[in-house]
Amino acid sequence: MAQESRQIPDRCRFDVAVVGAGPSGLVAALCGAEMGLSTVLVGPFASRKDTRTAALMAPAVNLLQRLGAWEALATGVAPLKAIRLVDSKQALLRAPEITFLAQEIDLDAFGYNIANALLTEVLERQTAGRLTRIASAGVSGIEHIADGIRLTTSEGEMIEASLVAAADGRHSKMRDAVAIALSSWSYDQAALVTTFRHSRDHSFVSTEFHCQTGPLTVVPMPGRRSSLVWVETPDNAARLAKLGDTAFLGELADHIQGLLGVLGPSSPRQVFRLQGQTAKTFARNRVALIGEAGHVMPPIGAQGLNLSFRDGAALAEIAATARAQGEDIGSTAVMERYDTARRPDVTSRVWGVDLLNRSLLSPYLPVNLLRGAGLFALSVSGPLRRYLMREGIGLTEALPLIMRSVDAGLDKAISPLDGLGSGRA
Ligand SMILES: Cc1cc2nc3c(=O)[nH]c(=O)nc-3n(C[C@H](O)[C@H](O)[C@H](O)COP(=O)(O)OP(=O)(O)OC[C@H]3O[C@@H](n4cnc5c(N)ncnc54)[C@H](O)[C@@H]3O)c2cc1C
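Rules used throughout
- Residues numbered from 1 in each chain as written.
- Predicted model: local features only at pLDDT ≥ 70, side-chain atom pairs only at ≥ 80, totals over all residues.
- Heavy atoms only, no water.
- Core = buried A, V, L, I, M, F, W, Y, C linked by side-chain atoms within 4.5 Å.
- Buried < 20%, exposed > 50% of the residue type's maximum accessible area, 1.4 Å probe, protein only.
- Helix = DSSP H or I, 4+ residues; strand = E, 2+ residues; numbered from the N terminus.
- Contact = heavy atoms within 4.5 Å.
- pLDDT = per-residue confidence, 0-100.
- Pairing = 2+ DSSP bridges.
- Axes fitted to C-alpha atoms, helices over the stretch in contact; angles between N-to-C directions.
- Near = heavy atom within 4 Å.
- Polar contact = N/O pair within 3.5 Å; in protein donor to acceptor, adjacent residues only side chain to side chain.
- Areas by Shrake-Rupley, 256 points an atom, 1.4 Å probe, with all protein chains shown as cover.
- Nonpolar A, V, L, I, M, F, W, Y, C, P; charged D, E, K, R; others polar.
- Patch = residues over 30% accessible without salt bridge, like charges linked within 9 Å, V, L, I, M, F, W, Y side chains within 5 Å.
- Salt bridge = Lys/Arg side-chain N within 4 Å of Asp/Glu carboxyl O.

### Remarks on the nonpolar core
Piece 1. With 102 residues, the main nonpolar core has Leu64 and Phe309 as its most contacted residues.
Piece 2. It is helix H8 (residues 304-324) that contributes the most residues to this core, 11 residues altogether.
Piece 3. Apart from residues no more than four positions distant in its own chain, Phe309 is found in contact with Val27, Leu56, Ala60, Leu63, Leu64, Leu119 and Met403.
Piece 4. Ranked by size, the runner-up nonpolar core spans 16 residues in total, among them Cys211, Trp230, Leu249 and Ile256.

This is the structure we're talking about:
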């Protein structure tokens, strides 16, 4: 990993300054550089203590390959060949169990499960030689100048750029500096995450148990290992986090109904309070929002980071096109273009995840009946299943070009790990 910050060159004016070097900022900066924009990435190195994994779907995998990061990731990822939904609610009527197969939409895998810490480490390495990386503790000042923005780091360095990509997380200072308002809400839920070993093969199937307090999802990792996202009440998540390994794995085994055989041991557990948040506009006054600076949602359906990759790719594409046409890439017209491009994708995912989460929590029989009927329709209707699978992984018409498959067009995702499925678990 590039632990040293590069000296700011004499010419400290850039096309794009990306603020925040979490996974969204790293990808946005690499997309900017890939599209020929002079790019600076400012912020601390992402935490290596993040025990989360991200299920990154086919378009995001295409992008990682395009950015040259895939080869270094490939040994640490597991393909998701199928997604299984199991109704574990103690409701009067149980919804039918459903399994979606990637093959049904001509893919080898819907995507790949990747540890966040590995992802950010590899992306960080990719920045070397492609863009200017300033490993600052953070940007503390932002000032609009005649034709751009001047940023000041907490170490006193100054950077100027035509456009700022704010990837500084859910409490974004860059967003506040241009007075972009938010809709925010919270859920009485928390997600406990860990990874664990098991005696039985996962067969590259991700299984989501729909429980009374939210979903419990086990996602394949390489070998006989899986990652866990267990949505519970905040009190119960805190209790589970404090249990010894044997007691914790015992409760987990009960919840997953013997799915993976004998469990253990597990890695350190982390708990995340669930929140929802969406910006009222996604760009204003030379600042465009990327990742959690623009949208936060519960970890259901693996949408958050996949959406953030699309933010970064779309911004780079829109800015590079504008520059090629002689436009100021931070102009109001370009900001509006980005807002228009991202709004439908972001808002439909934020509200879709919210609806799904609330329908799982609802104690009301009519809501449970509706959910069951929806799942039944999905279990019998091929076209509906295929449409939803494609939508769920983000294979949409509006996908930025650099997220499309290099050699097979939009309908076929690249499967860099073809054949990997056999013999790894
Ligand atoms: C339990 C859980 C499971 C999840 N699973 C999935 C999944 O399977 N698939 C998926 O797609 N998504 C998933 N997500 C969502 C995904 O983890 C998030 O979308 C992603 O981590 C957000 O990354 P980010 O870069 O936008 O924000 P962050 O990771 O918060 O990064 C923001 C960065 O900005 C920096 N920063 C802050 N202020 C400043 C400043 N002033 N100057 C410079 N830098 C600054 C911070 O230090 C940080 O490094 C999950 C989320 C949770 C909670």
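What follows continues from the structure just given.
### Some points on the confidence of the model for the protein chain
Piece 1. With 88% of its residues at a pLDDT of 70 or more, the protein chain shows a mean pLDDT of 89.
Piece 2. Long-range and interchain partners of residues 408-425, a stretch whose pLDDT sits below 50, account for 45 contacts in this model, where long-range means more than four residues apart.

### Focus: the sheet that holds strand S3 (residues 53-57)
Adjacent strands of a sheet form backbone hydrogen bonds with each other and so pair up, either parallel or antiparallel.
Piece 1. Spatially, S3-S7-S4 is the arrangement adopted by the three strands of the open sheet, whose pairing is antiparallel. If you trace the sheet from one side to the other, it starts and ends with S3 and strand S4 (78-80), each paired once. Averaged over all pairs of adjacent strands, the angle between strand axes in this sheet comes to 30 degrees, irrespective of strand direction.
Piece 2. Across five bridges, the pairing between S3 and strand S7 (residues 111-115) is antiparallel. Bridge pairing links Leu56 to Tyr112 in S7.
Piece 3. Sitting on the sheet, helix H4 (residues 116-127) is in contact with S3 and S7, with an inclination near 90 degrees to S7.

### Focus on the pairing of strand S13 (residues 205-211)
Where a strand is regular, its side chains alternate between the two sheet faces.
Piece 1. The buried fraction of S13 is high, at six of seven residues.
Piece 2. As paired strands, S13 and strand S14 (residues 214-221) are joined by five bridges and run antiparallel to one another. Residue pairing for S14: Cys211 is matched across the bridge by Gly214.
Piece 3. Between S13 and S14, which pair antiparallel and follow one another directly, the connecting turn spans two residues.

### Quick notes on the side chain of Asn116
Piece 1. Structurally, the position occupied by Asn116 is in helix H4.
Piece 2. Overall, the relative accessible area of 10% leaves Asn116 in the buried class.

### Things to note about helix H2 (residues 58-66)
Piece 1. Burial of H2 is extensive: seven of the nine residues sit out of reach of the surface.
Piece 2. Along H2, the residues classified as buried are Ala58, Pro59, Ala60, Val61, Asn62, Leu63 and Leu64.
Piece 3. Against the buried residues of H2 lie helix H1 (23-34), S3, helix H3 (70-73), S7, H4 and H8.
Piece 4. Downstream of H2 by a residue or two, Gly68 has a phi angle that is positive, lying close to 80 degrees.

### As for the site of the ligand
Piece 1. The local shell around the ligand holds 28 residues, among which Ser24, Ala55, Val139, Glu292 and Leu305 are the closest.
Piece 2. Separating an oxygen atom of the ligand from a side-chain N or O atom of Ser24 is a distance of 2.7 Å.
Piece 3. In this structure, Ala55 approaches the ligand through a main-chain N or O atom, which is 2.8 Å from an oxygen atom.
Piece 4. Considered on its own, the ligand offers 1000 Å² of accessible surface; in the complex 83% of this is hidden by protein.
Piece 5. Mapped onto the shell around the ligand, the elements with two or more residues apiece are H1, S3, strand S12 (182-198) and H8.
Piece 6. A class-by-class count of the residues in the shell around the ligand yields 14 nonpolar, 11 polar and three charged.

### Here we look at the environment of Ser140
Piece 1. Looking at the secondary structure, you find Ser140 in strand S9 (residues 139-145).
Piece 2. In sequence terms Ser140 and Thr153 are 13 residues apart; their C-alpha atoms lie 5.4 Å from each other.

### Things to note about a nonpolar patch on the surface
Piece 1. On the surface, a nonpolar cluster with roughly 280 Å² of combined accessible area is contributed by Leu384, Tyr387 and Leu388.
Piece 2. Secondary-structure assignment places Leu384 in helix H11 (residues 382-392).
Piece 3. You can call Leu384 partly exposed: its relative accessible area is 34%.

### Regarding unusual backbone geometry
Piece 1. For the bond running from Gly264 to Pro265, omega is -10 degrees, close enough to zero to count as cis.
Piece 2. With respect to the helices and strands, Pro265 occurs in strand S16 (residues 263-266).
Piece 3. One non-glycine residue, Ala179, adopts positive backbone phi at about 55 degrees.
Piece 4. The phi dihedral of Asn285 falls on the positive side, at around 50 degrees, and the residue is not glycine.
Piece 5. Here Asn285 lies in the loop between strand S18 (283-284) and strand S19 (287-289).

### With respect to the pattern of salt bridges
Piece 1. For the structure shown, the criterion picks out 24 salt bridges.
Piece 2. In this structure, Asp345 engages Arg342 in a salt bridge whose closest nitrogen and oxygen atoms are separated by 3.0 Å. Remark: Arg342 and Asp345 occur in helix H9 (residues 332-361); sequence separation between them is three residues, near one turn of the helix.
Piece 3. Classification of Arg342 by relative accessible area gives buried; the value is 5%.
Piece 4. A salt bridge links Arg358 to Asp354, with the nearest nitrogen and oxygen atoms 3.0 Å apart. With Arg358 and Asp354 both in helix H9, this residue pair falls four residues apart, about one helical turn.
Piece 5. The class for Arg358 is partly exposed, based on a relative accessible area of 43%.
Piece 6. Given the relative accessible area of 10%, Asp354 is considered buried.
Piece 7. When salt bridges that share partners are traced, they join Arg310, Asp311, Arg342, Asp345, Arg349 and Glu391 into one network.

### With respect to the side chain of Arg175
Piece 1. Mapping Arg175 onto the fold places it in helix H5 (residues 173-177).
Piece 2. With sequence-adjacent residues up to four places away left out, Arg175 is seen in contact with Gly169, Arg170, Ile180, Leu182, Gln277, Leu289, Glu292 and Ala293.

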